[in-house]
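Residue-level structural notes
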Amino acid sequence: MGLGYQSEVWVPSVTYHQELSLSNFPWFRIGWGVRAWGYYGGRTDMFPKSSAVSSDTLKFGRLSANGASFLLGANFRLWKFDIGANTDLFGVAFGLKRQALYANGGLYDEESGEYYNKYLSSGPATLNALPLVLDKQNGQSEAYIRYWITDRIGVKLAYVHGRVTYASPYKLVNGQTRYSTTFGVPYLALSFPLYN
């Protein structure tokens, strides 16, 4: 479980992770898990996918998104330390619809021109996959170092890289409907097993 804070953004998350040790490599473990997360932020600008050639933006006064993801991870065990990483494979997101000003610093096309400088109601994109490599998806990836104080209690120092994506109900410039922003938050958490 962890809680991070970065410039008016709260990012709570809870992760359950099951690890499998390979018999010939006891120091290396791979695993799967689930993550429940939330993102609560203030004023935020969201952009279309990074490969889009446009300067259009959805400007939000506030954001709130929640989600659950299935993740895959791996770590190395060195004495009492785990050094590892995990990333979301697929998940769902939900949250309140928010009003966003649709702005553009350049020329607009006929398809989306009617929406410029207007407020559009947008909500978190519901179905998401591979947010680490696909830039129109909700989700998180994490790198961490964990120190086991006892066999059952550990302290984890981690860094979460995440993406929050909202979906517009209209096709905007170049047919774009999903707009996103990224964040990075370090955090400190306790680790413990849920069962023996």
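Residues numbered from 1 in each chain as written. Predicted model: local features only at pLDDT ≥ 70, side-chain atom pairs only at ≥ 80, totals over all residues. Heavy atoms only, no water.

Moving on, we get to the side chain of asparagine 138. Along the chain, asparagine 138 turns up in the loop between strand 10 (127–129) and strand 11 (139–148). One polar contact links the side chain of asparagine 138 to the main-chain carbonyl oxygen of alanine 125, over a distance of 3.0 Å. For asparagine 138, the residues in contact, after removing those within four places along its chain, are Trp37, Ala93, Pro124, Ala125, Asn128, Pro131, Arg163, Val164 and Thr165. (Helix = DSSP H or I, 4+ residues; strand = E, 2+ residues; numbered from the N terminus. Polar contact = N/O pair within 3.5 Å; in protein donor to acceptor, adjacent residues only side chain to side chain. Contact = heavy atoms within 4.5 Å.)

Counting 25 residues, the largest nonpolar core has Met46, Leu58, Phe60, Tyr102, Val164, Leu172 and Tyr179 as its most contacted members. Contributions of two or more residues to this core are made by strand 3 (25–41), strand 5 (56–60), strand 6 (63–78), strand 8 (98–104), strand 12 (154–167) and strand 13 (178–191). Beyond its immediate sequence surroundings of up to four residues, phenylalanine 60 is in contact with Gly42, Arg43, Thr44, Met46, Arg98, Gln99, Ala100, Ser122 and Tyr166. (Core = buried A, V, L, I, M, F, W, Y, C linked by side-chain atoms within 4.5 Å. Buried < 20%, exposed > 50% of the residue type's maximum accessible area, 1.4 Å probe, protein only.)

Now for the pattern of salt bridges. Scanning the model with the defined rule gives five salt bridges in all. For lysine 59, the salt bridge is made with aspartate 45, and the minimal N-O distance between the two is 3.2 Å. Here the residue lysine 59 occupies a position in strand 5, and aspartate 45 occupies one in strand 4 (residues 44–46), the gap between them amounting to 14 residues. Among the residues examined, aspartate 45 registers a relative accessible area of 29% and is labelled partly exposed. Between arginine 146 and aspartate 82 there is a salt bridge, with the nearest N and O atoms lying 3.1 Å from each other. Within this pair, whereas arginine 146 is found in strand 11, its partner aspartate 82 is found in strand 7 (residues 81–94), the two being separated by 64 residues in sequence. It is possible to trace a salt-bridge network through shared partners that takes in Arg77, Asp82 and Arg146. (Salt bridge = Lys/Arg side-chain N within 4 Å of Asp/Glu carboxyl O.)

By themselves, these figures tell us nothing about what the structure is for.
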